[in-house]
Amino acid sequence: MTFYKAIASVLLAAAVSGCQSQTEGQQRATTGALVGGAGGALLGQAIGGNTKSTVIGAASGALLGAVVGSATTPQRRGEQLCRYQDRYGRIYTAPCDDRYYNGNY
């Protein structure tokens, strides 16, 4: 039993260390695939009660999780312009800052 725990911890460490060079979209897709695969496997086992159902549930959950994780990544749209107002009331346009992309405007 200790041998299996050691293998699981090495695999988990390798998976986590591989995420350092990924973009945010890739990280979200990977996390979604892991969570979706685990949830799909549990759901497949609960519904079907056999190995085939577990594998089908894990595969479909991983696919759905990766798609949802990738689709929910915020996208920057090039050089988008925003309207600002200075302290004298003049309105001007300039490239949007991080407040716009984070929703803090």
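About the cut-offs
- Residues numbered from 1 in each chain as written.
- Predicted model: local features only at pLDDT ≥ 70, side-chain atom pairs only at ≥ 80, totals over all residues.
- Heavy atoms only, no water.
- Helix = DSSP H or I, 4+ residues; strand = E, 2+ residues; numbered from the N terminus.
- Contact = heavy atoms within 4.5 Å.
- Areas by Shrake-Rupley, 256 points an atom, 1.4 Å probe, with all protein chains shown as cover.
- Axes fitted to C-alpha atoms, helices over the stretch in contact; angles between N-to-C directions.
- Parallel < 35°, antiparallel > 145°, perpendicular 65-115°, else oblique.
- Left-handed = near helix turned anticlockwise from the far one by under 90°.
- Nonpolar A, V, L, I, M, F, W, Y, C, P; charged D, E, K, R; others polar.
- Buried < 20%, exposed > 50% of the residue type's maximum accessible area, 1.4 Å probe, protein only.
- Pairing = 2+ DSSP bridges.
- Salt bridge = Lys/Arg side-chain N within 4 Å of Asp/Glu carboxyl O.
- Expected span 1.5 Å × (residues − 1).
- Arc of directions from axis to C-beta.

A. Spotlight on the overall build of the protein chain. Per the secondary structure count, the protein chain includes four helices and two strands. Starting at the N terminus, the α and β elements of the protein chain follow one another as α-α-α-β-β-α. In the protein chain, the proportion of contacts linking residues at least 24 apart, taken out of those at least 6 apart, comes to 36%. Carbon and sulfur atoms provide 62% of the accessible area of the protein chain, an area that totals close to 8,300 Å².

B. Representation of the packing of helix 2 (residues 24-48) against helix 3 (residues 51-71) within the structure. Contact geometry of helix 2 with helix 3 gives a least axis separation of 5 Å together with a crossing angle of 150°. Put simply, helix 2 runs roughly antiparallel to helix 3. The chirality of how helix 2 crosses helix 3 is right-handed. Where helix 2 abuts helix 3, its residues Gly25, Arg28, Ala29, Gly32, Ala33, Gly36, Gly37, Gly40, Ala41, Gly44, Gln45 and Gly48 lie against Ser53, Thr54, Gly57, Ala58, Gly61, Ala62, Gly65, Ala66, Gly69 and Ser70. Classifying every residue of the contact of helix 2 with helix 3 by side-chain character gives six nonpolar, 15 polar and one charged.

C. The pairing of strand 1 (residues 81-85), seen in detail. Only one face of strand 1 is covered, namely the one carrying Cys82 and Tyr84; the face carrying Leu81, Arg83 and Gln85 has none of its residues buried. Pairing of strand 1 with strand 2 (residues 91-95) involves five bridges; the strand directions are antiparallel. Paired with Tyr84 across the bridge in strand 2 is Tyr92. In textbook terms, the turn of a hairpin is the stretch between consecutive antiparallel strands, and for strand 1 and strand 2 this stretch comprises five residues, one of which, Gly89, has a positive phi near 90°.

D. Highlighting the pattern of salt bridges. In this structure the tally under the stated criterion is two salt bridges. One salt bridge in this structure joins Arg28 and Glu24, with 3.4 Å as the shortest N-O distance. Note that Arg28 and Glu24 are positioned in helix 2 at a spacing of four residues, about one turn of the helix. A salt bridge links Arg90 to Asp86, with the shortest nitrogen-to-oxygen separation between them at 2.9 Å.

E. Helix 3, seen in detail. A rise of 1.5 Å per residue sets the reference length of helix 3, with its 21 residues, at 30 Å; its end C-alpha atoms lie 30 Å apart and thus fit the reference within 8%. Along helix 3, the residues classified as buried are Gly57, Gly61, Gly65 and Gly69. The buried residues of helix 3 occupy one face: seen down the axis, they fall within an arc of 80°. Relative to its buried face, helix 3 has exposed residues pointing more than 90 degrees away, namely Lys52, Val55, Ile56, Leu63 and Ala71. Contacts from the buried residues of helix 3 go to helix 2.

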